[in-house]
Amino acid sequence: GPQFDTCCTFEKLCLTDPMKACVILKYRHSDRRLCINTTDYLVCLVHRTNQTKDVEMIEKSHSQLMRLMVGKESQSVAMETD
């Protein structure tokens, strides 16, 4: 898939509609490399890195995505029960 260089691209793809985002994190110990595949089923992006600063940005963005998904999920459950 296309490579993306910054987490800004990852955030735009995921944070636009967190419930449609699919994120796969893979770590290859032999290469000491983290690979993140991100898709909204229209666009698929891949980022590979072995840089600590990139891993920290990915971790921060992934945490933000999880918080948004939980927030949207709890909102939709609240609407269904009303």
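Residues numbered from 1 in each chain as written. Predicted model: local features only at pLDDT ≥ 70, side-chain atom pairs only at ≥ 80, totals over all residues. Heavy atoms only, no water.

Visitor: Would you mind showing me how to read the sheet that holds strand β2 (residues 33-39) here?
Guide: Pairing between sheet strands relies on hydrogen bonds along the backbone, with the strands arranged either parallel or antiparallel. Pairing is antiparallel across the open sheet formed by three strands, whose spatial order is β1-β2-β3. Strand pairing shows two members of the sheet lacking a second neighbour, β1 (22-28) and β3 (44-49), which therefore form its edges. The sheet shows a mean angle of 15 degrees between the axes of neighbouring strands, taken without regard to direction. Pairing geometry for β1 and β2, over seven bridges, is antiparallel. Across the sheet, the residue bridging to Cys-22 is Thr-39, located in β2. (Pairing = 2+ DSSP bridges. Helix = DSSP H or I, 4+ residues; strand = E, 2+ residues; numbered from the N terminus. Axes fitted to C-alpha atoms, helices over the stretch in contact; angles between N-to-C directions.)

Visitor: Before we go on, may I ask you to explain unusual backbone geometry in this structure?
Guide: Among all residues save glycine, negative phi is the norm, and among peptide bonds the norm is trans. Phi angles above zero are rare outside glycine, and Arg-32 is one such case at about 50 degrees. Structurally, the position occupied by Arg-32 is in the loop between β1 and β2. Taking the relative accessible area as the measure of exposure, Arg-32 reaches 57% and is therefore exposed. Of note in this structure, Tyr-41 is not a glycine but carries a positive phi near 75 degrees. As for its placement among the helices and strands, Tyr-41 is situated in the loop between β2 and β3. (Buried < 20%, exposed > 50% of the residue type's maximum accessible area, 1.4 Å probe, protein only.)

Visitor: For this particular structure, what's the right way to read the pattern of salt bridges?
Guide: What the rule picks out here adds up to one salt bridge. The shortest N-O distance in the salt bridge between Arg-28 and Asp-31 comes to 3.0 Å. The class for Asp-31 is partly exposed, based on a relative accessible area of 38%. (Salt bridge = Lys/Arg side-chain N within 4 Å of Asp/Glu carboxyl O.)

Visitor: Would you take a moment to explain the pairing of β3 for this structure?
Guide: One ladder, built from six bridges, connects β2 with β3; its direction is antiparallel. Its bridge partner lying in β3, Leu-34 is registered against Thr-49. From the end of β2 to the start of β3, which pair antiparallel, there are four residues, and Tyr-41 there has a positive phi angle of about 75 degrees.

Visitor: Quick question: what am I supposed to make of the environment of Leu-45 here?
Guide: Tracing the sequence through the fold places Leu-45 in strand β3. Leu-45 sits 22 residues away from Val-23 along the chain, and the two C-alpha atoms are 9.6 Å apart.

Any functional reading would require information that these geometric values do not contain.
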